[in-house]
Amino acid sequence: RVALTVGTTGALRIVRNIVADVPAGLWCYRVDAQRALVGGATSEGGNVYAWLRRTLQLPEPQEVEQSLTHMLPDAHGLTILPLWAGERSPGWAGNAKASITGMTMATTPIEILRASLEGVAYRFALIAERLLAGTEQAQIVVSGGGLHQSAAWTQIVADVLGRALILSQEPEATSRGAALLALEAIGAITDVATLPANDGAIIMPNLEHYAVYQGAIERQRQLYDLLIG
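Before going into details, it helps to say that this report is about the structure given with it. In this convention, every chain numbers its residues from 1, walking through the sequence in written order. Thresholds applied to this predicted model are a pLDDT of at least 70 for local features of residues and 80 or more for the giving and counting of side-chain atom pairs; totals over whole chains, interfaces and linings are not thresholded and use all residues. To get the side-chain values, all heavy atoms of the structure are used, and hydrogens and water are removed first.

**Brief notes about the pattern of salt bridges**
Salt bridge, as used here: a side-chain nitrogen of Lys or Arg that lies within 4 Å of a carboxyl oxygen of Asp or Glu. Counting across every chain of the model gives 11 salt bridges. In this structure, Arg 35 engages Asp 32 in a salt bridge whose closest nitrogen and oxygen atoms are separated by 2.5 Å. By relative accessible area, which is 16% here, Arg 35 ends up buried. Here Glu 184 ties to Arg 35 by a salt bridge, and the two come within 2.9 Å at their closest N and O atoms. Placement of Glu 184 in helix H6 (residues 173-185) and of Arg 35 in the loop between strand E3 (27-30) and strand E4 (36-42) is noted, with a sequence separation of 149 residues between them. Per residue, the accessibility class of Glu 184 equals that of Arg 35, and both read buried. Overlapping salt bridges, with partners in common, bring together Asp 32, Arg 35, Glu 184 and Asp 191 in one network. Residue burial is assigned from relative accessible area. The probe radius is 1.4 Å, only protein chains are included, and a residue is buried under 20% of its type maximum, exposed over 50%, and partly exposed in between. The way it works is that DSSP assigns letters per residue, a run of H or I at least four long becomes a helix, a run of E at least two long becomes a strand, and they are numbered from the N terminus.

**Brief notes about empty space enclosed by the protein**
A 1.4 Å probe that fits into a set of points on a 1 Å grid over the protein atoms alone but cannot get out defines a cavity; an open set with protein on both sides within 12 Å along at least five of seven lines defines a pocket, and lining residues are those with an atom within 4 Å of a point. Grid points are joined across faces, edges and corners, and a volume is the space filled by probe spheres set on the points. Within this structure, the stated rule accounts for one cavity of 30 Å³ or more. Lining the largest cavity, in full, are Asp 74, His 76, Leu 78, Thr 79, Ile 80, Ala 115, Glu 118, Gly 119, Tyr 122, Ala 216, Arg 219 and Gln 220. With four residues, the top contributor of residues to the lining of the largest cavity is helix H3 (residues 109-131). Polarity classes work like this: nonpolar for Ala, Val, Leu, Ile, Met, Phe, Trp, Tyr, Cys and Pro, charged for Asp, Glu, Lys and Arg, and polar for all others, with Gly in that last group. Among the residues forming the lining of the largest cavity, the class breakdown is five nonpolar, four polar and three charged.

**Focus: the environment of His 70**
If you trace the backbone, His 70 turns up in the loop between helix H2 (61-69) and strand E5 (79-81). With relative accessibility at 69%, the residue His 70 sits in the exposed group. It is 9.1 Å that separates the C-alpha atoms of His 70 and Ala 152, two residues lying 82 residues apart in sequence. Here a polar contact is taken to be a pair of N or O atoms separated by no more than 3.5 Å, where protein atoms must pair a possible hydrogen donor with a possible acceptor and residues adjacent in sequence count only if both atoms sit in side chains. At 2.7 Å, the side chain of His 70 forms a polar contact with the backbone oxygen of Gln 66.

**Some remarks on the layout of surface pockets**
Empty space within the largest pocket amounts to approximately 1100 Å³. If one sorts the elements of the lining of the largest pocket by residue count, H6 sits on top with seven residues. Split into classes, the residues belonging to the lining of the largest pocket amount to 18 nonpolar, six polar and seven charged.

**What to know about helix H1 (residues 46-55)**
What H1 keeps buried is the set Gly 46, Val 48, Tyr 49 and Leu 52. Projection of H1 onto a plane perpendicular to its axis shows the buried side chains occupying an angular sector of 155°, all on one side. The inward-facing, buried residues of H1 contact strand E1 (2-6), H2, H3 and helix H5 (151-161). Two residues or fewer past H1, Gln 57 is found with a positive phi of approximately 50°. Here the arc refers to the directions that run from the helix axis out to each C-beta atom. Here, two residues are considered to be in contact whenever any of their heavy atoms come within 4.5 Å of each other.

Geometric descriptors of this kind do not, in isolation, establish any biological role.
Here it is in structure tokens:
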């Protein structure tokens, strides 16, 4: 099971029993004597959504959600590097700046929002490319307020990754995990796997949208190479 968290920032990570090599651009933390946590973190997440809502003076969330839901993937003509707070994984360019290209007099605020949310999802795709190679059957579990508060954004992420997303029903997933590890360490439980987390709805990807997004990811990658290197 792979954990995808979108709060103010974001992260994608998986616990492995043995880590022989950490893919370039990712990090690895020891969990205990047997386990390691491998993943990537982003400086962008809900902070991008909040900045755009405030700066573009977008309408109420319900109206925004309806507009986002009815938009086609990558149909706005924009390419965005959503690095408002610099970059962590995978390039670790801490001084990187956000950029928006492709705007015209016809570009609307909701299109900038949609393109930015897609852009954040592309950053997760770059991490997933390194992290999830050879794990096609792995389940991706989503937690954090960012995606739980926007069904449209959750669908975008599923479509970009081309994988189903399981919405976690645990309100404090990190605290719960730490508590389980402590209980296992003192012998109160035999294995954390014996107490599985509560799962919610499963969001299936639209594979036609996935195909569209592959070109958009490459466009963002080219823009990154030009501006950041």
